[in-house]
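Structural characterization, general
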Amino acid sequence: RRNIGIEAEFSGHYASHEFPGGSPFSDKTHVFMVGPKYAVPSGKVTPWVHALFGAAHVKSQGEGFIGPYQYSNTWFAWAAGGGVDAEIHKHLAIRVIQADYIRVNGRALFWIPSHAGLLPGAYPGSSNNFRLSVGVVWTSR
């Protein structure tokens, strides 16, 4: 159908922080999702909504007061939102705006190797995020 399609999204989110006392650590999150998209083409402008489901892989590493640590896990993720695309060529559009609510359902207890042996660690739980995006879109119309 012209208005209904399937969309896939792959994205990466990166952050660097410091523990109290100045010890650096970094977080990386890679999200892989797929789901239905409903669009309403109106000339060269197309508003749309989507619901995506998949996984988020989270990796954190650094050097804390307990010594070096590294943590990695994969959890269920989903997103819901919409946006507007403006066609500039038959298979190319500019994403004027995209707004999404993204949830990652994660919670974990794990062991951190340290100078004092293994110490318990915890990933705090699920994350709720809002994302605004712009970009270039390839379409198969």
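See the structure shown above.
Residues numbered from 1 in each chain as written. Predicted model: local features only at pLDDT ≥ 70, side-chain atom pairs only at ≥ 80, totals over all residues. Heavy atoms only, no water.

Take the overall build of the chain next. Helix and strand counts for the chain stand at zero helices and eight strands. When the helices and strands of the chain are read in sequence order from the N terminus, they spell out β-β-β-β-β-β-β-β. Within the chain, buried positions represent 33% of all 141 residues. Long-range pairs, those at least 24 residues apart, make up 54% of the contacts in the chain between residues at least 6 apart in sequence. (Helix = DSSP H or I, 4+ residues; strand = E, 2+ residues; numbered from the N terminus. Buried < 20%, exposed > 50% of the residue type's maximum accessible area, 1.4 Å probe, protein only. Contact = heavy atoms within 4.5 Å.)

Core analysis: the largest hydrophobic core is formed by 11 residues, namely Val31, Met33, Leu52, Ala56, Val58, Tyr71, Trp75, Ala77, Ala79, Ile102 and Val104. When contributions to this core are tallied by element, the ones reaching two or more residues are β2 (24-39), β3 (45-64), β4 (67-89) and β5 (92-105). Looking at this core element by element, the count peaks at four residues for β4. (Core = buried A, V, L, I, M, F, W, Y, C linked by side-chain atoms within 4.5 Å.)

Evaluated as defined, the whole model comprises five salt bridges. Notably, a salt bridge pairs Arg131 with Glu9, separated by 2.9 Å at the nearest N-O pair. Taken as a pair, Arg131 in strand β8 (residues 127-138) and Glu9 in strand β1 (residues 4-18) lie far apart in primary sequence, 122 residues in all. We note that Arg131, like Glu9, is buried. (Salt bridge = Lys/Arg side-chain N within 4 Å of Asp/Glu carboxyl O.)

Per the stated rule, a full pass over the model turns up two aromatic pairs. Across from the ring centre of Trp48, 4.6 Å away, lies the NZ or CZ of Lys37, which sits over that ring. (Phe/Tyr/Trp six-rings, centres within 6.5 Å; stacked < 30°, edge-to-face > 60°. Lys NZ or Arg CZ within 6 Å of the ring centre and 35° of its normal.)

What follows covers the side chain of Thr29. Here Thr29 shows up in strand β2. Judged by its relative accessible area of 19%, Thr29 is buried. Dropping the residues within four chain positions of it, Thr29 is found in contact with Ser11, Gly12, His13, Ala56, His57 and Val58.

What follows is about a nonpolar patch on the surface. A cluster of nonpolar side chains, Ile88, Leu92, Ile94, Val96, Ile97, Phe130, Leu132, Val134 and Val136, forms an exposed patch at the surface whose accessible area comes to about 870 Å². If you list the elements that add at least two residues to the nonpolar patch, you get β5 and β8. In this structure Val96 comes out as partly exposed when scored by relative accessible area, which is 46%. (Patch = residues over 30% accessible without salt bridge, like charges linked within 9 Å, V, L, I, M, F, W, Y side chains within 5 Å. Areas by Shrake-Rupley, 256 points an atom, 1.4 Å probe, with all protein chains shown as cover.)

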